[in-house]
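Residues per chain, in single letters:
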Amino acid sequence: QKEVEQDPGPLSVPEGAIVSLNCTYSNSAFQYFMWYRQYSRKGPELLMYTYSSGNKEDGRFTAQVDKSSKYISLFIRDSQPSDSATYLCAMSGGTYKYIFGTGTRLKVLA
Amino acid sequence: KAGVTQTPRYLIKTRGQQVTLSCSPISGHRSVSWYQQTPGQGLQFLFEYFSETQRNKGNFPGRFSGRQFSNSRSEMNVSTLELGDSALYLCASSSGLAGQWSSTDTQYFGPGTRLTVL
């Protein structure tokens, strides 16, 4: 079993839809949770990070962490075609190394 | 401020050869991490260098090695290439140690080097 599981998609939604992206994990030592966005032929860019459980909002993006369920989510409101990319979750804990999910491909249709 | 640069962007090698990839971090950043990205496994951590010292290492064989120079530039070397080494190799820089997360620290990724092993 992988330490981090992420549905690879692809996920296709119409413009303006609310998108929900999720990851589950097995290592209870993870404390830092991040979401990256990766456009084709580019390196990942950090979208949001959270520490421990709770919610964090930044514009159209909301990150949620539920440590009791070992489940994290990224919500995108009013999705735009420019949001079409691969979204990677990442986690870090006491070992100082990142563990990434395999990424979910999102396509927002105009 | 210039971003993370990686050279070359594309490489084609044959099995058994070795390859060296280069990464120049953002000016002032002292931490450089390397990752391998494949469709099946996603992004996997290779190693991290901070102030010319390897600080963390992922679960890769000894054929994968790296180093960091005094100007924080880093190189990654893969010896005795195998077909399974075909991947996108990404470098990321940050001002502090990756994993020692702080609200002001962020890992910035380069565009990657696409390695194809034939």
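Residues numbered from 1 in each chain as written. Chains lettered and ligands numbered in written order. Predicted model: local features only at pLDDT ≥ 70, side-chain atom pairs only at ≥ 80, totals over all residues. Heavy atoms only, no water.

Taken as a whole and assessed by the stated rule, the structure comprises eleven aromatic pairs over all chains. Measuring from centroid to centroid gives 5.3 Å for Tyr25(A) and Phe33(A), while their planes differ by 45°, and the two rings are tilted. A single burial state applies to Tyr25(A) and to Phe33(A), both of which are buried. Ring pairing ties together the aromatic residues Tyr36(A), Phe100(A), Tyr35(B), Phe45(B) and Phe109(B), which thus form one cluster. Just above the ring of Tyr49(A) sits the side chain of Lys56(A); from NZ or CZ to the centre is 3.7 Å. (Phe/Tyr/Trp six-rings, centres within 6.5 Å; stacked < 30°, edge-to-face > 60°. Buried < 20%, exposed > 50% of the residue type's maximum accessible area, 1.4 Å probe, protein only. Lys NZ or Arg CZ within 6 Å of the ring centre and 35° of its normal.)

This next bit is on the state of the cysteines. Scanning all chains against the criterion turns up two disulfides over all chains. Between the sulfur atoms of Cys23(A) and its disulfide mate Cys89(A) the distance is 2.0 Å. For the disulfide bridge between Cys23(A) and Cys89(A), the dihedral angle about the S-S bond is near -100°, and by the sign convention the bridge is left-handed. Here Cys23(A) is found in strand 3 (residues 19-25), whereas its partner Cys89(A) is found in strand 9 (residues 85-92), with 66 residues between them in sequence. Here Cys23(B) connects covalently by a disulfide to Cys91(B), the sulfurs 1.7 Å from one another. (Disulfide = S-S within 2.5 Å. Helix = DSSP H or I, 4+ residues; strand = E, 2+ residues; numbered from the N terminus.)

Moving on, we get to the interface of chain B and chain A. Facing 25 residues of chain B, the contacting portion of chain A comprises 20 residues. Each partner contributes to the roughly 1,800 Å² buried at the junction of chain B and chain A, and carbon and sulfur atoms together form 57% of this total. Connecting chain B to chain A are zero salt bridges. Across the chain B-chain A interface, the total number found is one residue pair in polar contact (both at pLDDT 80 or more). (Contact = heavy atoms within 4.5 Å. Buried area = accessible area lost by both parts, 1.4 Å probe. Salt bridge = Lys/Arg side-chain N within 4 Å of Asp/Glu carboxyl O. Polar contact = N/O pair within 3.5 Å; in protein donor to acceptor, adjacent residues only side chain to side chain.)

All names here are of chain A. By the criterion of burial, strand 9 is predominantly enclosed, with eight of the eight residues buried. As paired strands, strand 4 (residues 32-38) and strand 9 are joined by seven bridges and run antiparallel to one another. When the sheet's bridge partners are listed, tyrosine 36 is paired in strand 9 with leucine 88. Across three bridges, the pairing between strand 9 and strand 10 (residues 98-100) is antiparallel. Each residue of the ladder has a partner; that of methionine 91, found in strand 10, is isoleucine 99. (Pairing = 2+ DSSP bridges.)

Okay, the nonpolar core next. Of all hydrophobic cores here, the largest spans 25 residues; its most connected members are Val4(A), Trp35(A), Ile72(A), Leu74(A), Tyr87(A) and Met91(A). Going through the elements one at a time, strand 3, strand 4, strand 5 (45-51), strand 7 (61-66), strand 8 (71-76), strand 9 and strand 11 (104-109) of chain A are the ones with two or more residues in this core. Apart from the residues lying within four places of it in its own chain, the contact partners of Ile72(A) are Leu21(A), Asn22(A), Cys23(A), Tyr25(A), Phe33(A), Trp35(A), Gln64(A), Val65(A), Cys89(A) and Met91(A). Of all hydrophobic cores here, the second largest spans 21 residues; its members include Leu21(B), Leu46(B), Leu115(B) and Val117(B). (Core = buried A, V, L, I, M, F, W, Y, C linked by side-chain atoms within 4.5 Å.)

The next point concerns the environment of Tyr36(A). In this structure, Tyr36(A) sits in strand 4. You can call Tyr36(A) buried: its relative accessible area is 0%. Distance in space between the C-alpha atoms of Tyr36(A) and Met48(A) is 7.2 Å, their sequence separation being twelve residues. With near-sequence residues (within four places) excluded, Tyr36(A) lies in contact with Pro44(A), Glu45(A), Leu46(A), Leu47(A), Thr86(A), Tyr87(A), Leu88(A), Ala90(A), Tyr98(A), Phe100(A), Gln107(B) and Phe109(B).

With that out of the way, let us pick up the sheet that holds strand 3 (residues 19-24) of chain B. Residue and element names in this part refer to chain B. With antiparallel pairing, the four strands of this open sheet are ordered in space as 1-3-8-7. Edge strands, defined here as strands with exactly one partner in the open sheet, are strand 1 (5-7) and strand 7 (64-68). Between one strand axis and the next, the sheet turns by 20° as a mean value, whatever way the strands run. Summarising the sheet, strand 3 and strand 8 (residues 74-78) pair through five bridges and their orientation is antiparallel. By the bridge assignment for strand 8, threonine 20 is matched with asparagine 77. (Axes fitted to C-alpha atoms, helices over the stretch in contact; angles between N-to-C directions.)

Moving on to unusual backbone geometry. Here the amide bond leading from Gly9(A) into Pro10(A) is cis, since omega sits at 10°, within 30 degrees of zero. Here Pro10(A) shows up in the loop between strand 1 (4-6) and strand 2 (11-14). Each neighbour pair has its own omega, and for Thr7(B) with Pro8(B) the value is -10°, a cis peptide bond. With a phi angle near 60°, Ser52(A) is a residue other than glycine that sits in the positive phi range. Tracing the backbone through its elements, the reader meets Ser52(A) in the loop between strand 5 and strand 6 (54-58). For Ser52(A), a relative accessible area of 25% puts it in the partly exposed group.

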